[in-house]
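Observations on the model geometry
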Amino acid sequence: MRFEVPNSFDEALDSPQQSQWIRACRNEMQTLYEEKMFEEVHTDLVNGPILDAHWKFDVSDDPSDINAGFEAKIHVKGYEQVHGVHYDETYSPTVTYDTLKIVIASIAATGDGKIFQFRINNYLLQGPVDRVIYLNPPWGTETKQNHLWKLNYCMPGMKQANHQAYICLRDFLQGKAFRISDSDPCLFIRGRCYAMIYADTVIVASTDVNGMYQLENSLRNRFSIEYLTYDYENDLSDSDSAYDVAEKTTSILGLTLHFRPNEITISMKGAIQRALDEHNMNVHSSAPLVPLPVCIDIEDTNSAFLSENSTSEFKSLLGKLIFIQSKLRDDVTVVVKALSQCISNPRVNHLDAAKKVLYYLGYTIESGMNFKYLPPSDSDNSYDSDNY
């Protein structure tokens with residue numbers, strides 16, 4: 001059941017779900033106190049820039065939420081920030097998909113590896129502020145009269161929040177003897193253990209189960225983490241490799257990984273199926289065997305322009321096609337790039353073409369990259385000078 005989401009604390013007080021929203025606000029304040037996000041300072045002692053904040057309310061779709069899905073977060077009004085006064089750096093790198101696929105390939109090549117991922121809860125609250133910043137707390141926080149918050153850590157809405165959170169996680173991994181890759185600032189290496197950062201998600205791939213367990217234990221002690229990969233604890237405690245167990249499928253950053261004995265397959269199966277379901281499309285036996293059949297001419301200017309609703313559908317579908325194409329499915333690159341040039345004034349034939357591309361992807365949903373472990377044979381270690 002969806003509820004009307006208030007836009008302010010006053011609206012939350014007037015809501016029929018007032019008690020639930022108040023409980024959500026108190027939970028948010030408890031989290032901020034537990035994380036020691038700020039110190040209350042009397043206005044007479046304030047000697048730095050001041051920012052305003054506001055409540056943001058939402059309803060979670062998680063039916064298991066003990067608070068019936070009611071969420072309340074305090075966000076800084078980042079649009080008030082001035083470069084050089086409130087922040088300097090905002091860039092927060094993320095691991096590239098090429099790096100991720102290379103690491104998966106290297107794990108597959110050993111025949112003895114595991115891949116897991118964790119989410120760091122309250123990720124944006126982890127980065128310490130890089131300067132003195134005061135916050136004018138919003139109504140409903142029960143702050144002492146004539147007091148402001150002196151921030152110890154960044155908060156959601158601050159322009160540097162993602163950057164500072166990355167710095168925090170980077171320093172943590174380096175403190176655990178990981179070194180940063182020269183080719184990707186979000187790939188960290190320690191022996192046979194690889195850690196990759198993508199916003200609030202940490203992906204760990206390793207052929208060293210003990211090293212992976214040590215990293216997981218360190219992350220759990222330092223942060224509040226959530227496991228995103230199948231049956232993490234059972235798999236990690238298993239002495240066998242991921243290749244010696246039954247077939248398993250997991251999703252990492254939109255990529256679908258299918259584990260079979262001595263084999264890993266990467267596909268976009270999950271993303272493609274979600275796109276088909278969202279647009280109410282079913283793949284049938286007459287699906288195209290090529291990305292775009294010759295019967296559809298995307299350059300036909302006689303085709304009618306799309307209505308407003310159909311234009312929204314086209315843009316939504318095109319966004320999904322761009323994601324699928326850019327991450328793995330290069331076979332639809334040409335047609336997706338051509339359709340991208342029509343996004344400002346799409347026509348009926350452009351929507352038809354986009355749907356045909358999705359039909360094609362659905363028909364070839366299992367296609368992707370396959371990595372197999374080939375045990376070395378005796379001939380691999382032999383050397384015959386006559387053959388060189």
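For the structure, see preceding data.
In short, a report on the structure. (Residues numbered from 1 in each chain as written. Predicted model: local features only at pLDDT ≥ 70, side-chain atom pairs only at ≥ 80, totals over all residues. Heavy atoms only, no water.)

Moving on: the overall build of the protein. Broken down by element type, the protein carries 10 helices and 15 strands. Considering only residue pairs separated by 6 or more positions, the protein has 71% of its internal contacts joining residues 24 or more positions apart. Carbon and sulfur atoms make up 47% of the accessible area of the protein, which totals about 20,300 Å². (Helix = DSSP H or I, 4+ residues; strand = E, 2+ residues; numbered from the N terminus. Contact = heavy atoms within 4.5 Å. Areas by Shrake-Rupley, 256 points an atom, 1.4 Å probe, with all protein chains shown as cover.)

To continue, consider the packing of helix H7 (residues 269–278) against helix H8 (residues 308–327). Think of two packed helices as two axes; the pair is described by the angle between the axes and how far apart they sit. In contact at an axis separation of 10 Å, H7 and H8 are set at 170° when each is read in the N-to-C sense. By the angle class used here, H7 and H8 are roughly antiparallel. Together, Ala-271, Ile-272, Ala-275 and Glu-278 of H7 and Ser-316, Lys-320, Phe-323 and Ile-324 of H8 make up the contact between the two elements. (Axes fitted to C-alpha atoms, helices over the stretch in contact; angles between N-to-C directions. Parallel < 35°, antiparallel > 145°, perpendicular 65-115°, else oblique.)

Counting residues in each nonpolar core, the largest one holds 73 residues, and the members touching the most others are Ile-115, Leu-169 and Leu-219. Among the elements that take part in this core, helix H10 (residues 348–363) stands out by supplying eight residues, more than any other. Formed by 29 residues, the second largest nonpolar core is a distinct cluster that contains Met-29, Phe-57, Val-59 and Ala-161. (Core = buried A, V, L, I, M, F, W, Y, C linked by side-chain atoms within 4.5 Å. Buried < 20%, exposed > 50% of the residue type's maximum accessible area, 1.4 Å probe, protein only.)

Further remarks concern the environment of Leu-374. If you trace the backbone, Leu-374 turns up in the segment after strand E15 (368–372). Once the C-alpha coordinates of Leu-374 and Glu-263 are considered, the two residues, 111 residues apart in sequence, prove to be 9.3 Å apart.

The buried count for strand E14 (residues 263–267) comes to five of five residues, which makes it a mostly enclosed element. The two faces of E14 match: Glu-263, Thr-265 and Ser-267 on one face and Ile-264 and Ile-266 on the other face are all buried. Where strand E13 (residues 255–260) lies against E14, five bridges are found, and the strand directions are antiparallel. Residue pairing across strands places Leu-257 opposite Ile-266, the latter belonging to E14. With antiparallel pairing between neighbouring strands as the criterion, E13 and E14 make up a hairpin whose turn holds two residues, including Asn-262 at a positive phi of roughly 65°. With five bridges connecting them, E14 and E15 associate as antiparallel partners. Within E15, the position partnered with Ile-266 by the bridge is Met-369. (Pairing = 2+ DSSP bridges.)

Our focus in this paragraph is the layout of surface pockets. One number sums up the size of the second largest pocket: a volume of about 170 Å³. Taken together, Phe-9, Ile-22, Cys-25, Arg-26, Met-29, Tyr-33, Gly-140, Thr-141 and Glu-142 form the lining of the second largest pocket. With five residues, the top contributor of residues to the lining of the second largest pocket is helix H2 (residues 18–34). Broken down by class, the residue content of the lining of the second largest pocket amounts to five nonpolar, two polar and two charged. (1 Å grid on protein atoms, 1.4 Å probe; cavity = no way out; pocket = protein on both sides within 12 Å on 5 of 7 lines; lining within 4 Å. Points joined across faces, edges and corners; volume = space filled by probe spheres on them. Nonpolar A, V, L, I, M, F, W, Y, C, P; charged D, E, K, R; others polar.)

Turning to the pattern of salt bridges, a few remarks are in order. Charged atoms that come close allow side chains of opposite charge to pair. Applying the stated criterion to the full structure yields 13 salt bridges. Glu-263 serves as the salt-bridge partner of Arg-260, at 3.6 Å between the closest nitrogen and oxygen. Relative accessible area serves as the criterion here: at 15%, Glu-263 is assigned to the buried category. Put simply, Arg-329 and Asp-331 hold a salt bridge, and the shortest N to O gap is 2.8 Å. Taken together, the shared-partner salt bridges connect Asp-88, Asp-130 and Arg-131 into one network. (Salt bridge = Lys/Arg side-chain N within 4 Å of Asp/Glu carboxyl O.)

On the surface, Glu-4, Asp-10, Glu-11 and Asp-14 cluster together to form a negatively charged patch. Mapped onto the secondary structure, Asp-10 falls in helix H1 (residues 9–14). (Patch = residues over 30% accessible without salt bridge, like charges linked within 9 Å, V, L, I, M, F, W, Y side chains within 5 Å. Lys, Arg positive; Asp, Glu negative; His and termini not counted. Charge placed at Lys NZ, Arg CZ, Asp CG, Glu CD.)

Below, the discussion takes up the packing of aromatic side chains. What the rule picks out here adds up to 10 aromatic pairs. A centroid spacing of 6.1 Å and a plane angle of 25° characterise the contact between Trp-55 and Phe-57, whose relative ring orientation is stacked. For the pair Trp-55 and Phe-57, one class covers both residues: buried. Over the face of the ring belonging to Phe-305 we find Arg-347, whose NZ or CZ atom lies 4.0 Å from the ring centre. (Phe/Tyr/Trp six-rings, centres within 6.5 Å; stacked < 30°, edge-to-face > 60°. Lys NZ or Arg CZ within 6 Å of the ring centre and 35° of its normal.)

Time to look at H8. Taking 1.5 Å as the rise per residue, H8 with 20 residues should run 28 Å; its terminal C-alpha atoms sit 29 Å apart, in good agreement. For H8, every residue scored as buried is listed here: Thr-311, Phe-314, Leu-317, Leu-318, Leu-321, Ile-324, Gln-325 and Lys-327. Its buried side turned inward, H8 meets helix H3 (97–110), E13, H7, helix H9 (333–340) and H10. (Expected span 1.5 Å × (residues − 1).)

Across two bridges, strand E7 (residues 179–180) lies against strand E8 (residues 187–190) in antiparallel orientation. In the strand pairing of E8, Ile-180 is matched with Phe-188. Two successive antiparallel strands, E8 and strand E9 (residues 193–198), enclose a turn made up of two residues, where Gly-191 displays a positive phi of approximately 65°.

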